[in-house]
Amino acid sequence: MNDLTTQVHGIYIDAPAEKVWAALTSSEYSNRYGYGGDIEMDLVPGGAFRHLTTDVMKKMGMGDVAVTGTVVEADPPNKLVLDWSAVWHDEPPSRLTYEIVEGPSGLTRVTLTHELPQSPQTAKDVAGNGDAENGGGGWPWDLSSLKTLLETGKPMTTAGA
Amino acid sequence: MCVTDHDLVFKALADGTRRLMLDALHEQGGQSLGALEEIVAGHTDMSRFGVSKHLKVLEAADLVIVRKQGRQKLHYLNPVPIRVLYDRWIDKYTEPQVRALTVLKQKAENHHE
């Protein structure tokens, strides 16, 4: 049995930290990488967070919202902490932390830590199973597509709404 | 270092001991150097220095991320560089075939409706 209760995902992106922050927190970018869908986020501690579903997800039978959550900490553009719940599983919220550090060369380091001690089904999904064409990409694929979008200006082939 | 350099990832993966260490971290995240040494010692005759050197290679390739917890350094597998490598490099060769199959699948499914 693989241990997925604490997942650490890191990536270097050739873009300013502010741009990475915008991509993580606004619908301006969120439809062009990962699973797509609008983001609603009140960037204050206790603020509400919703990641809305795309048309494709709705056709698969999902409602209007894919992920709900609460902002725990928002320190633009360096740190974002969320209590995060996947709507498709009935499990307790998990803790998602983004650390965003722009280096002197202009490369930005993004480290995502997802702590899911009590959400095994969610943990399995977000870890990714490699089958990105069928929605199984998880965080590694999500971050890979974020990198492609910010570095090339174009969505990755398999990603986006 | 720059992660767009796939050479580091390929080099890091081109060693049995390092793959063993990645497998161990895949099985159980957040392990100390000592714990990894024990796992490696179960398979090969390697010094503490050797294990630590292999960890450095894995860290340089960004396949392992170190987190400090108190006085301990814990090691986590970072699967993202392998995904990036797949999306950037391998996808280049498989994409036309995948596309063709997707189109074929859509046609077949539409035919049923």
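Residues numbered from 1 in each chain as written. Chains lettered and ligands numbered in written order. Predicted model: local features only at pLDDT ≥ 70, side-chain atom pairs only at ≥ 80, totals over all residues. Heavy atoms only, no water.

### Some words on the overall build of chain A
Working step 1: In terms of regular secondary structure, chain A is built from 5 helices and 7 strands.
Working step 2: For chain A, the succession of helices and strands along the chain, N to C, is β-α-α-β-β-α-β-β-β-β-α-α.
Working step 3: Here the C-alpha radius of gyration of chain A, 15 Å, is about what a compact globule of 161 residues would show, namely 15 Å.
Working step 4: Projected onto its principal axes, the C-alpha positions of chain A cover 40 × 35 × 30 Å.
Working step 5: Relative to its full complement of 161 residues, chain A shows a buried share of 49%.
Working step 6: Within chain A, residue pairs in contact and separated by at least 24 positions form 48% of the contacts whose partners lie at least 6 positions apart.
Working step 7: Here chain A has roughly 7,300 Å² of accessible surface; of this, 50% comes from carbon and sulfur atoms. (Helix = DSSP H or I, 4+ residues; strand = E, 2+ residues; numbered from the N terminus. Rg over C-alpha atoms; globule rule 2.2 N^0.38 Å. Buried < 20%, exposed > 50% of the residue type's maximum accessible area, 1.4 Å probe, protein only. Contact = heavy atoms within 4.5 Å. Areas by Shrake-Rupley, 256 points an atom, 1.4 Å probe, with all protein chains shown as cover.)

### Some details on the packing of helix α2 (residues 16-27) of chain B against helix α3 (residues 33-41) of chain B
For any two helices packed against each other, one specifies the crossing angle of their axes together with the interaxial distance.
Residue and element names in this part refer to chain B.
Working step 1: It is at 10 Å that the axes of α2 and α3 come closest, and there the two elements cross at 125°. Overall, the two elements α2 and α3 adopt an arrangement that is oblique. As for how α2 packs across α3, the hand of that crossing is right-handed. Residue-level inspection shows Thr17, Leu20, Met21, Ala24 and Leu25 of α2 in contact with α3, the latter providing Leu36, Ile39 and Val40.
Working step 2: For the contact of α2 with α3, a count of residues per class yields 7 nonpolar, 1 polar and no charged. (Axes fitted to C-alpha atoms, helices over the stretch in contact; angles between N-to-C directions. Parallel < 35°, antiparallel > 145°, perpendicular 65-115°, else oblique. Left-handed = near helix turned anticlockwise from the far one by under 90°. Nonpolar A, V, L, I, M, F, W, Y, C, P; charged D, E, K, R; others polar.)

### Section: the packing of aromatic side chains
Residues and elements named next belong to chain A.
Working step 1: This structure, assessed with the given rule, holds 2 aromatic pairs over all chains.
Working step 2: The interplanar angle of 65° and the centroid separation of 4.7 Å between the aromatic rings of Tyr35 and Trp141 together place this pair among those described as edge-to-face. Residue Tyr35 is found in the loop between α2 (27-30) and β2 (39-41), and its partner Trp141 is found in helix α5 (residues 138-152); the two are separated by 106 residues along the sequence.
Working step 3: With 5.6 Å between their ring centres and 55° between their planes, Trp84 and Trp139 make a pair best called tilted. Here Trp84, found in strand β5 (residues 79-86), pairs with Trp139, found in helix α5; they are 55 residues apart in sequence, far enough to count as distant. Each member of the pair, Trp84 together with Trp139, is buried.
Working step 4: Positioned over the ring face of Tyr12 is Arg109, at 4.5 Å from the centre of the ring. (Phe/Tyr/Trp six-rings, centres within 6.5 Å; stacked < 30°, edge-to-face > 60°. Lys NZ or Arg CZ within 6 Å of the ring centre and 35° of its normal.)

### Some details on the interface of chain A and chain B
Working step 1: Taken together, the contact pairs 26 residues of chain A with 24 residues of chain B.
Working step 2: Where chain A abuts chain B, roughly 2,100 Å² becomes buried across the two surfaces, and 51% of that area is made up of carbon and sulfur atoms.
Working step 3: Linking chain A to chain B there are 2 salt bridges.
Working step 4: When the shortest N-O distance is used, the salt bridge between Asp62(B) and Arg109(A) registers 2.7 Å.
Working step 5: On the surface where chain A and chain B come into contact, there are 10 residue pairs in polar contact (both at pLDDT 80 or more).
Working step 6: A total of 7 residues in the side of chain A that touches chain B trace back to one element, the largest contributor, which is α5(A).
Working step 7: Residues of the side of chain A that touches chain B, tallied by class, amount to 10 nonpolar, 10 polar and 6 charged. (Buried area = accessible area lost by both parts, 1.4 Å probe. Salt bridge = Lys/Arg side-chain N within 4 Å of Asp/Glu carboxyl O. Polar contact = N/O pair within 3.5 Å; in protein donor to acceptor, adjacent residues only side chain to side chain.)

### Brief notes about the environment of Leu112(A)
Residues and elements named next belong to chain A.
Working step 1: Following the sequence through the fold, Leu112 ends up in strand β7 (residues 108-115).
Working step 2: A sequence separation of 14 residues divides Leu112 from Tyr98, and the C-alpha atoms of the two residues are 4.6 Å apart.
Working step 3: Dropping the residues within four chain positions of it, Leu112 is found in contact with Gln7, Val8, His9, Leu96, Thr97, Tyr98, Trp139 and Leu143.

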